[in-house]
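Structure assessment
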Amino acid sequence: MKPLGEQDIRTSFVNCSKGEAKRLAVPRDLDDRPWDDLDFLGWRDPGAPDRSYLVTEREGRLVGVAMRFQTARRGFLHRSMCSLCLTTHPRGGVALMTARKAGAAGREGNSVGVYMCTDLACSLYVRGKKTPDTGARFEESLTLEQQIERTAGHLAAFLDKVSA
């Protein structure tokens, strides 16, 4: 992914108003992000623990999605799997991220969801640049490129639902 600036990020959101996009918390460490290893930029809002954001490039343009989530309180031995990168995490490492649909459907209250890593580091997990605390990634026969393509495909399917 190419490096993004604050203005690029704010103008990319498809499921919130311009005013909401103007007020959302953009990461301060944009210069330090591992852009070459990212399929999307994802971050949690430090001022609102139930909000997270995702920005990626699709068909030559940036698409940003504002999401909400609530971490489930589960048992110590319970593990959950991210629907995008297929990484398993213990306890609150995966949550159902819900996004308002774009346009009129979103204004009517319609939303879609996907189970994702709560730290939004799916790109780094797939590439082996980050390891989950006590979760794991399954040994796969797919090449790294195939795993990246699969993750991108799962993300595209979610974004298609947001835009539909």
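What comes next is a walk through the structure. Predicted, not measured: the structure shown is a model, and the values here were computed from it.

Under the 1.5 Å per step criterion, the end-to-end length of helix H5 (residues 144-163) is 28 Å for 20 residues, consistent within 8% with the ideal 28 Å. Taken together, the buried positions of H5 are occupied by Gln147, Ile148, Arg150, Thr151, Leu155, Phe158, Leu159 and Val162.

Counting 43 residues, the largest nonpolar core has Ile9, Phe13, Met67 and Met116 as its most contacted members. At the level of secondary structure, the elements contributing two or more residues to this core comprise strand E1 (41-44), strand E2 (51-58), strand E3 (61-69), strand E6 (94-100), strand E7 (111-117), helix H4 (122-127) and H5. Not counting residues within four places of it along the chain, the set of residues in contact with Met116 comprises Phe40, Leu54, Met67, Cys82, Leu84, Gly93, Val94, Ala95 and Met97.

A separate point is the packing of aromatic side chains. Evaluation of the coordinates by the stated rule reveals 2 aromatic pairs. With 5.9 Å between their ring centres and 85° between their planes, Phe13 and Tyr53 make a pair best called edge-to-face. In this pair, Phe13 sits in the loop between helix H1 (6-10) and helix H2 (18-23) while Tyr53 sits in strand E2, placing the two residues 40 residues apart along the sequence. Of the two residues, Phe13 and Tyr53, both sit in the buried class. Centre to centre, the rings of Trp43 and Tyr53 are 5.3 Å apart; their planes meet at 35°, and the pair counts as tilted. Residue Trp43 is found in strand E1, and its partner Tyr53 is found in strand E2; the two are separated by 10 residues along the sequence. On the accessibility criterion, Trp43 (5% relative accessible area) is buried.

Next up on the list: the environment of Glu57. You can see Glu57 is positioned in strand E2. The exposure class assigned to Glu57 is partly exposed, which follows from its relative accessible area of 42%. Along the backbone, Glu57 and Ser12 are 45 residues apart, and their C-alpha atoms lie at a distance of 9.3 Å. When near neighbours in sequence (up to four residues on either side) are disregarded, Glu57 contacts Met1, Lys2 and Leu62.

Let's shift gears to unusual backbone geometry. In this model, Leu86 sits at a positive phi of 60°, which is unusual for a non-glycine residue. Within the fold, Leu86 resides in the loop between strand E4 (79-81) and strand E5 (87-90). Owing to a relative accessible area of 24%, Leu86 belongs among the partly exposed residues under this scheme. Its identity is not glycine, yet Leu120 carries a phi of approximately 55°, on the positive side. Turning to its location among the elements, Leu120 is positioned in the loop between E7 and H4. When its relative accessible area of 5% is taken as the criterion, Leu120 is described as buried.

Enumeration according to the criterion identifies 9 salt bridges in this entry. Asp37 serves as the salt-bridge partner of Lys129, at 3.9 Å between the closest nitrogen and oxygen. A residue pair is termed long-range when its members are at least 10 positions apart, and Lys129 in the loop between H4 and strand E8 (136-137) and Asp37 in the loop between H2 and E1 qualify at 92 residues. A salt bridge links Arg127 to Asp39; the nearest nitrogen and oxygen atoms lie 2.8 Å apart. Highlighted residues: Arg127 in helix H4 and Asp39 in the loop between H2 and E1, separated in sequence by 88 residues. There is no split in this pair, since Arg127 and Asp39 are both buried.

Conventions adopted
- Residues numbered from 1 in each chain as written.
- Predicted model: local features only at pLDDT ≥ 70, side-chain atom pairs only at ≥ 80, totals over all residues.
- Heavy atoms only, no water.
- Helix = DSSP H or I, 4+ residues; strand = E, 2+ residues; numbered from the N terminus.
- Expected span 1.5 Å × (residues − 1).
- Buried < 20%, exposed > 50% of the residue type's maximum accessible area, 1.4 Å probe, protein only.
- Core = buried A, V, L, I, M, F, W, Y, C linked by side-chain atoms within 4.5 Å.
- Contact = heavy atoms within 4.5 Å.
- Phe/Tyr/Trp six-rings, centres within 6.5 Å; stacked < 30°, edge-to-face > 60°.
- Salt bridge = Lys/Arg side-chain N within 4 Å of Asp/Glu carboxyl O.

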